[in-house]
Amino acid sequence: MRYVISGMALMMLLTVSCCKKPVEKPTDTGKGITILFKPMWDGQDLVFNSKSYTKPDKEVMTYTNWAWIISKLALVKTDNSEVLLGDGYQYIEFKAGRVKFNYAAAPAGDYKAITFQLGLDSAINHGDPNIWPSDHPLNANLTGLHWGWAGGYIFQAMDGIWFDSATSSNQKAFSFHTATDPFKRKFTLPMNFTLQADGMKTATIEVWADEFFKTPNSLSLSAGAMSHTLGSTEIALMQKIIDNSAEVYKLKSVQ
Amino acid sequence: MLKKLRFQWIFAALALLPACKKDPKQPADATGYAPHYINPALLFPSIFGMPDLPKNNPLTEEGVFLGRMLFYDPVLSFDSSISCSSCHDQKHAFADPRKFSTGVFGLKTGRNAPPLMNMAYSRVFFWDARQKTLQEQALEPIQAHNEMAMTLPLLEKKLKQIARYKLWFKKAFNSEPDVFNTAKALEQFQLTMVSAGSRFNQFFPKNWDVLTPDERKGAILFNNTVDFVGGVATGADCFHCHGGQLTQQNNPNQGGISSNGLDSVLTDKGFGGISGGPLDMGTFKTPSLLNIALTAPYMHDGRFATLDEVIDHYSDHMLYNAPNLHPSIKVHAPEQIRLSPAQKAQLKAFLLSMTDTAFINDPAFGNPFR
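All values derive from a computational prediction rather than experimental measurement. Note that residues are indexed from 1 along each chain, following the sequence as it is written. The lettering of chains begins at A and the numbering of ligands begins at 1, in the order of writing. Since the coordinates come from a predicted model, pLDDT governs what is reported: local features require at least 70, and pairs of side-chain atoms require 80 or more to be given and counted, while whole-chain, interface and lining totals use all residues. Side-chain measures here rest on the full set of heavy atoms in the structure, leaving out hydrogens and waters.

Q: Any chance you could explain the overall build of chain A here in plain terms?
A: Strands here mean DSSP runs of E at least two residues long; helices mean DSSP runs of H or I at least four residues long; both are numbered from the N terminus. Along the backbone of chain A there are four helices and 14 strands. Burial statistics for chain A: of 255 residues in total, 53% are counted as buried. Whether two residues are in contact is decided by their heavy atoms, any of which lying within 4.5 Å being enough. Within chain A, counting contacts between residues at least 6 apart in sequence, those at least 24 apart form 73% of the total. Under the scheme applied here, a residue whose accessible area is under 20% of the maximum for its type counts as buried, over 50% as exposed, and between as partly exposed, the area being computed with a 1.4 Å probe on protein chains only.

Quick look at the structure:
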């Protein structure tokens, strides 16, 4: 009995505050702006597990996972100031359909772009992952993208299987993970739009998987299908993938 | 039983003390329904973070205690011979040391009974991930012909005849004994089964001193991706699927349901048998490794009797042609990791540091009828 009580006391000491601010729940409120992320492959919807996609070099890919963490998600006003959406963090898990986020509090006004950072600033990246409420985009149990005691988050994970060609039966795996401070990237997607005080608009951001392998670095999976941050070849590959990402995100419409 | 009960009230008092938000308190009505809400922030340790708790089943002292009685009560089975604890033994972190468990009439289960701990963090249940909540999960073993072989109407009838259940269903749920609240009470009890007391759990985030030099080397192998320097492995990559303080990936899409390359020809489809998806065939819920020293035999079918066999599998016998082997392993094909005997011993030593003896001796999870 004594043991149990001291155990409880210990737990109390270990426990973080239970008074964290609740996060804004991404539900459709009919107000503000909804951001919709759509996974694509060269203009078609990207379907997980059951569909395969052919690269220009004839390699055939099937995605089984694609998830990513962004920060500083914001609307850019015409005067270049930024209006943060919620606390700016979001976790997008395409396969699970976690793709649509409503920000009812987004103020009315004229905007010229939507911006976000793939990945996290260093302090947050290496901060305690357990301070976040269970439904927060940085909660490690929600995303499964925290590295545990090695510290830091995986900013993006894309996994699946591939074949050298449509006729090959030699199944291989790909696993592109990007992480660590140098690999965060900010993207700004221009488009002029106006939010009214009453009513909601939906911004559709297409995310084209095939672009990760295209320009400026044309990437063949046969030359490397894994980036997990350890080892110089893998880091070089991660660098190339990130350098290729300028064309990945396409803001299609705000309406 | 009285002694155990007293603990409940101390727990309740403690739980209510430093709550930031006032817990909803209900006035005691004439029937004695005045549940004591448990503050989750006090139950779940900060090293694990907050789990996503079921919204329809707030934890109360009374609900947890009722769940604990039900967990240990063979009355839940057809012939009153088998309780949950018959197959989920606290001494083994609530796993079954037998390869397959024995239910009523001596029938055997088709899979190994896994440990029950930190279930609040799990998003899928059973080896094949066929259930998404503990509430749904609880009614399965009760009705499974080779476990408790009960019908739900009969369960309700039996419980209603027992005075202590009439009393405690009232206290916990303001209801007569019924099936749904049986499931809720079992869920509540299992949600409180937190195991966070191993030495491994203390070494986070950088308290290396609690580990021996060998365990530390094992930790590095565990947490490094597979790579080789001069032909010698510098990492065995366990963390992708058994990462973090929970040693368990709980996001099904990030390795929480995966194949670790046990079979080239499947005898158990695992999650594929539930989803029907070709790319899910042979994938299973990725288990936690906490208390792993206590939970032998290993894997969904208990095929490995020892941790040495498990480590040999990952080190030397990975089946790269196993259907749907997880990408984080498959990318290394055809290379085996080939840990040296010394490295294997280090990895094993590290796994042995994950034992939480307080958890398996905690009277709060013990048999309340003893």
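Q: Help me understand the environment of Ile241(A) in this model?
A: Residues and elements named next belong to chain A. Its location among the elements puts Ile-241 in helix H4 (residues 232-243). Judged by its relative accessible area of 1%, Ile-241 falls in the buried class. Residues Ile-241 and Asn-217 lie 24 residues apart in sequence; the distance between their C-alpha atoms is 7.8 Å. If sequence neighbours within four positions are ignored, Ile-241 has contacts with Phe-176, Phe-212 and Leu-219.

Q: Is there a simple way to explain the packing of helix H10 (residues 213-223) of chain B against helix H15 (residues 341-352) of chain B in this structure?
A: When two helices pack together, their arrangement is given by the angle between their axes and by how far apart the axes lie. All names here are of chain B. Interhelical geometry of H10 versus H15 gives an angle of 95° and a closest axis separation of 7 Å. By the criterion of interaxial angle, the relationship of H10 to H15 is roughly perpendicular. Touching Asp-214, Glu-215, Lys-217, Gly-218, Ala-219, Leu-221 and Phe-222 of H10 are Gln-343, Gln-346, Leu-347, Ala-349, Phe-350 and Leu-351, all from H15. Within the contact of H10 with H15, the residues separate by chemical class into seven nonpolar, three polar and three charged. Only the stretch in contact is used when fitting a helix axis, every axis being a line fitted to C-alpha atoms; angles between N-to-C directions are given from 0 to 180 degrees. When describing relative orientation, an angle under 35 degrees is termed roughly parallel and one over 145 degrees roughly antiparallel, while 65 to 115 degrees is termed roughly perpendicular and anything else oblique. As a working rule, the residues Ala, Val, Leu, Ile, Met, Phe, Trp, Tyr, Cys and Pro are called nonpolar, Asp, Glu, Lys and Arg charged, and the rest polar, with Gly in that last group.

Q: Please clarify how the domain arrangement of chain B should be interpreted in this entry.
A: By a widely used convention, the size of an interface equals the accessible area lost when the partners come together. Residues and elements named next belong to chain B. Annotation of chain B at the domain level lists domain 1 (40-196) and domain 2 (199-354). A straight line from the C-alpha centre of domain 1 to that of domain 2 covers 28 Å. Buried area: the accessible surface (1.4 Å probe) lost by two parts on joining, summed over both. Of the roughly 2,300 Å² buried between domain 1 and domain 2 on both sides combined, carbon and sulfur atoms contribute 59%. Its largest share of buried area at the contact with domain 2, domain 1 owes to Met-117, Arg-123 and Trp-127, together 24% of the area lost on that side. Put simply, a salt bridge is a Lys or Arg side-chain nitrogen that is within 4 Å of an Asp or Glu carboxyl oxygen. The tally of links from domain 1 across to domain 2 stands at one salt bridge. Arg-111 is paired through a salt bridge with Asp-268; the nearest N and O atoms lie 2.8 Å apart. Split by residue class, the side of domain 1 that touches domain 2 holds 15 nonpolar, five polar and eight charged. Each domain's extent was defined by an automatic or database domain assignment.

Q: Would you explain the nonpolar core in this entry?
A: Note on soluble globular proteins: their nonpolar side chains tend to be buried together. Within the largest apolar cluster, 100 residues are counted, with the highest numbers of intra-cluster contacts made by Leu66(B), Leu70(B), Phe71(B), Leu76(B), Tyr165(B) and Phe222(B). Two domains share this core, each providing at least three of its residues, namely domain 1 (40-196) and domain 2 (199-354) of chain B. Among buried residues, those of type Ala, Val, Leu, Ile, Met, Phe, Trp, Tyr and Cys that are joined through side-chain atoms within 4.5 Å constitute a nonpolar core. Grouped together as the second largest cluster of nonpolar side chains are 53 residues, Leu73(A), Leu85(A), Ile114(A) and Ala225(A) included.

Q: Is there a simple way to think about the pattern of salt bridges in this case?
A: Side-chain pairing between opposite charges can occur once the charged atoms of the two side chains come close. Residues and elements named next belong to chain B. This structure, assessed with the given rule, holds 26 salt bridges over all chains. Among the ionic pairs, Asp-312 bridges to Lys-344, the shortest N-O distance being 2.9 Å. With Asp-312 in helix H13 (residues 307-316) and Lys-344 in helix H15, this residue pair connects regions lying 32 residues apart in the sequence. Judged by relative accessible area, Asp-312 falls into the partly exposed class, the value being 27%. One network of salt bridges, in which partners are shared, links Arg-111, Asp-128, Arg-130, Glu-140 and Asp-268.

Q: Hey, could you run me through the environment of Met69(B) in this one?
A: Residues and elements named next belong to chain B. Tracing the chain through its elements places Met-69 in helix H3 (residues 61-71). With a relative accessible area of 0%, Met-69 lands in the buried category. In the structure, Met-69 is positioned 249 residues away from Met-318 in sequence and 43 Å away in space, judged by C-alpha atoms.

Q: How should I be thinking about the pairing of strand S1 (residues 32-41) of chain A in this particular structure?
A: In summary, the side chains of a regular strand alternate between the two faces of the sheet. Residues and elements named next belong to chain A. Buried residues dominate S1, accounting for nine of its ten residues. A pair of strands is treated as paired once DSSP finds two or more bridges between them. Here S1 runs beside strand S12 (residues 200-208); their pairing, made up of nine bridges, is parallel. When the sheet's bridge partners are listed, Thr-34 is paired in S12 with Thr-202. By the bridge criterion, four bridges tie S1 to strand S7 (residues 100-103) in an arrangement that is antiparallel. Note on S7: the bridge partner recorded for Ile-33 is Tyr-103.

Q: What is the right way to look at unusual backbone geometry in this model?
A: Glycine aside, a negative phi is what most residues show, and trans is what most peptide bonds show. A cis amide bond links Thr215(A) to the next residue, Pro216(A), at an omega of 0°. With respect to the helices and strands, the residue Pro216(A) is situated in the loop between S12 and strand S13 (226-227). Cis geometry is found at the peptide bond from Ala333(B) to Pro334(B), where omega equals 0°. Mapped onto the secondary structure, Pro334(B) falls in the loop between helix H14 (327-330) and H15. In this structure, Thr180(A) is a non-glycine residue whose phi angle is positive, near 75°.

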